[in-house]
Amino acid sequence: MNKMINLSKVTKHMIKSTIKGYGHYVPENVVTNDDLSAVMNTNDEWITERTGIRERHHRKNRNDAEETTAYLGFRAAENALKNANLTAKDIDYIVFATLSPDYYFPGCGVLLQEMLGCDTIGALDVRNQCSGFVYAMSVANAFIKSNMYKNILVVGAEVHSFGLDFSDEGRGVSVIFGDGAGAVILSASEDGDSGDILAVNMHSEGKYAEELCVQFPGTKFGWSDRMRLEPEQVTNREIYPIMNGNFVFKHAVTRFPETIQEVLSAAGKTIEDLDMFIPHQANLRIAQFVQQKMGLPDEKVFNNIQKYGNTTAASIPIALSEALQQEKIKRGDLVCLSAFGSGFTWGSVLFQY
Ligand code: COA
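Residues numbered from 1 in each chain as written. Predicted model: local features only at pLDDT ≥ 70, side-chain atom pairs only at ≥ 80, totals over all residues. Heavy atoms only, no water.

**What to know about the domain arrangement of the protein**
Next up, step 1: Taken domain by domain, the protein holds domain 1 (7–190) and domain 2 (196–212 + 240–352).
Next up, step 2: The interface formed by domain 1 and domain 2 holds one salt bridge in total.
Next up, step 3: Residue Lys145 is joined to Asp196 by a salt bridge in which the shortest nitrogen-to-oxygen separation is 3.0 Å.
Next up, step 4: Of all the secondary structure elements, the ones that give two or more residues to the side of domain 1 that touches domain 2 are strand E1 (16–25), helix H2 (44–51), strand E3 (55–57), helix H5 (132–145), strand E6 (151–158), helix H6 (171–174) and strand E7 (180–189).
Next up, step 5: Residues of the side of domain 1 that touches domain 2, tallied by class, amount to 20 nonpolar, 20 polar and ten charged. (Domains from an automatic or database assignment. Salt bridge = Lys/Arg side-chain N within 4 Å of Asp/Glu carboxyl O. Helix = DSSP H or I, 4+ residues; strand = E, 2+ residues; numbered from the N terminus. Nonpolar A, V, L, I, M, F, W, Y, C, P; charged D, E, K, R; others polar.)

Right, here's the structure in full:
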């Protein structure tokens, strides 16, 4: 079934991309810093001081096949649909951002289409790590503004707890990441009073790919020319994320202010016009540094990394969903979502709610 809508009666310039619904979902299982210090040489003080993280959610155990990335996305999508007062049949297109898919291929978008029982709509997978949700929103916005689709489900979801090194060797990375999912329904609207995405920007700098990456399974470093993964890579712990933490930190605190300024300028706005800034939840110290540099008061910045850790593509939609639930964002407010991460990639979405 072709879900492309006939918007011939609608004048293109009148179409707005409005957030019609939002939702999030995290696995029940909470893992505190003390829980981690029982399995590796770390402690609550180090983690809290360096990152602000106090706890994160991990799927229940390593044999829990149910709580996959697509499943977390499905639960977040269900909540977003309910919030929007829509059903899966109303969705015209899916954009799914994750770096931790259920399969090497296919991506999670098609799995979500099946789980929700949508028609045979298109499902696009976005591989932009921490910037994944920002990239996903920009794609959905472009489809809506170009009359392609009416209701787009945009999801960010991750299961990190399955791919981290919980030995002392991996402690600099594994304490940071958590599992979770968030979703938004972006809808076309002709209503003059409805919200709209005002501007987006996206950037990349691939020369830094190996400053934050997972190399295996992959096709670049294979020991034989026909294998994506060999047993040696598992025993050498080369299947886990590599992160040059200081390097990532320095680039993040430079790129965040640039992308925020750029998206505000593109919409003819200034930092004083902003009602809420939701940064990707990478590290509370990064968010605080950026807040200070931009001169934003506490009530205009939303952070929840303390409870969830860094959930990569899921971090912005989880934070957005919580900020909306807690009524920290009201209709008409100007909101900026900004992300920086592996790639490097970074970017922002500026919208009027
Ligand atoms: N518990 C206790 N000690 C730890 C530890 C842990 N979990 N992880 C690392 N350490 C130790 C290191 O071994 C090192 O010890 P040494 O001085 O004896 O060698 C010391 O703590 C300092 O390590 P370092 O890596 O320099 O710390 P840092 O101040 O740079 O903080 C990060 C590390 C990862 C918290 C920080 O670099 C960061 O947040 N970077 C950005 C990461 C990020 O945002 N990633 C996602 C991108 S979207």
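So, next bit.
**Examining the sheet that holds strand E13 (residues 345–352)**
One key point about sheets: their strands pair by backbone hydrogen bonds, in either a parallel or an antiparallel sense.
Next up, step 1: If you trace the four strands from one edge of the open sheet to the other, you get E8-E13-E12-E11, paired in mixed fashion. Only two strands of the sheet have a single partner each, and these edge strands are strand E8 (196–204) and strand E11 (276–279). When the angles between neighbouring strand axes are averaged without regard to direction, this sheet yields 10 degrees.
Next up, step 2: Pairing between E11 and strand E12 (residues 334–341): four bridges, direction parallel. The partner of Ile278 across the bridge, within E12, is Leu337.
Next up, step 3: In this fold helix H8 (residues 245–266) packs onto E8, E11, E12 and E13, with an angle of close to 145 degrees to the strand it touches most, E12.
Next up, step 4: Against the sheet, helix H11 (residues 315–325) contacts E11, E12 and E13, and its axis sits at roughly 150 degrees relative to E11. (Pairing = 2+ DSSP bridges. Axes fitted to C-alpha atoms, helices over the stretch in contact; angles between N-to-C directions. Contact = heavy atoms within 4.5 Å.)

**Examining the site of the ligand**
Next up, step 1: Near the ligand there are 23 residues, and of these Thr42, Arg50, Gly245, Asn246 and Asn283 occur at the shortest range.
Next up, step 2: The side chain of Thr42 places a nitrogen or oxygen atom 2.6 Å from a nitrogen atom of the ligand.
Next up, step 3: Between the ligand and the protein, one listed contact pairs an oxygen atom with a side-chain N or O atom of Arg50 at 2.5 Å.
Next up, step 4: If the ligand stood free it would expose 970 Å²; the protein chains cover 72% of that surface.
Next up, step 5: Residue assignment for the shell around the ligand shows that the elements contributing at least two residues are H2, H6, H8 and E12.
Next up, step 6: In terms of residue count, H8 provides more of the shell around the ligand than any other element does, four residues in total. (Near = heavy atom within 4 Å. Polar contact = N/O pair within 3.5 Å; in protein donor to acceptor, adjacent residues only side chain to side chain. Areas by Shrake-Rupley, 256 points an atom, 1.4 Å probe, with all protein chains shown as cover.)

**So, the side chain of Asp179**
Next up, step 1: Considering the arrangement of structural elements, one finds Asp179 in the loop between H6 and E7.
Next up, step 2: Within the buried set, Asp179 has no salt-bridge partner at all; the shortest N-O distance to an opposite charge, 5.9 Å, is to Arg59.
Next up, step 3: A polar side-chain atom of Asp179 sits 2.7 Å from the main-chain amide nitrogen of His160.
Next up, step 4: Excluding anything up to four places from it in sequence, Asp179 contacts Val26, Pro27, His57, His58, Arg59, Leu72, Glu158, Val159, His160, Ser161 and Thr311. (Buried < 20%, exposed > 50% of the residue type's maximum accessible area, 1.4 Å probe, protein only. Lys, Arg positive; Asp, Glu negative; His and termini not counted.)

**A look at the packing of aromatic side chains**
The geometry of an aromatic ring pair is captured by the separation of the ring centres together with the interplanar angle, meaning the angle of the planes.
Next up, step 1: Considering all chains together, one arrives at ten aromatic pairs under this definition.
Next up, step 2: Among the aromatic side chains, those forming a connected cluster through ring pairs are Tyr208, Phe247, Phe340, Phe344 and Trp346.
Next up, step 3: Over the aromatic face of Phe162 sits the side chain of Arg59, whose NZ or CZ is 4.4 Å from the ring centroid.
Next up, step 4: Positioned above the aromatic ring of Tyr353, the side-chain terminus of Arg331 is 3.8 Å from the ring centre. (Phe/Tyr/Trp six-rings, centres within 6.5 Å; stacked < 30°, edge-to-face > 60°. Lys NZ or Arg CZ within 6 Å of the ring centre and 35° of its normal.)

**Describing the nonpolar core**
Next up, step 1: In terms of nonpolar packing, the biggest core is built from 37 residues, with Met137, Ile278, Leu320, Ile329 and Phe351 touching the most fellow members.
Next up, step 2: Sort the elements by how many residues they give to this core and H5 lands first, with seven residues.
Next up, step 3: Taken domain by domain, this core gets at least three of its residues from each of domain 1 (7–190) and domain 2 (196–212 + 240–352).
Next up, step 4: Once residues lying within four places of it in the same chain are set aside, the contact partners of Ile278 are Phe302, Ile316, Ala319, Leu320, Ala323, Ile329, Cys336, Leu337 and Ser338. (Core = buried A, V, L, I, M, F, W, Y, C linked by side-chain atoms within 4.5 Å.)

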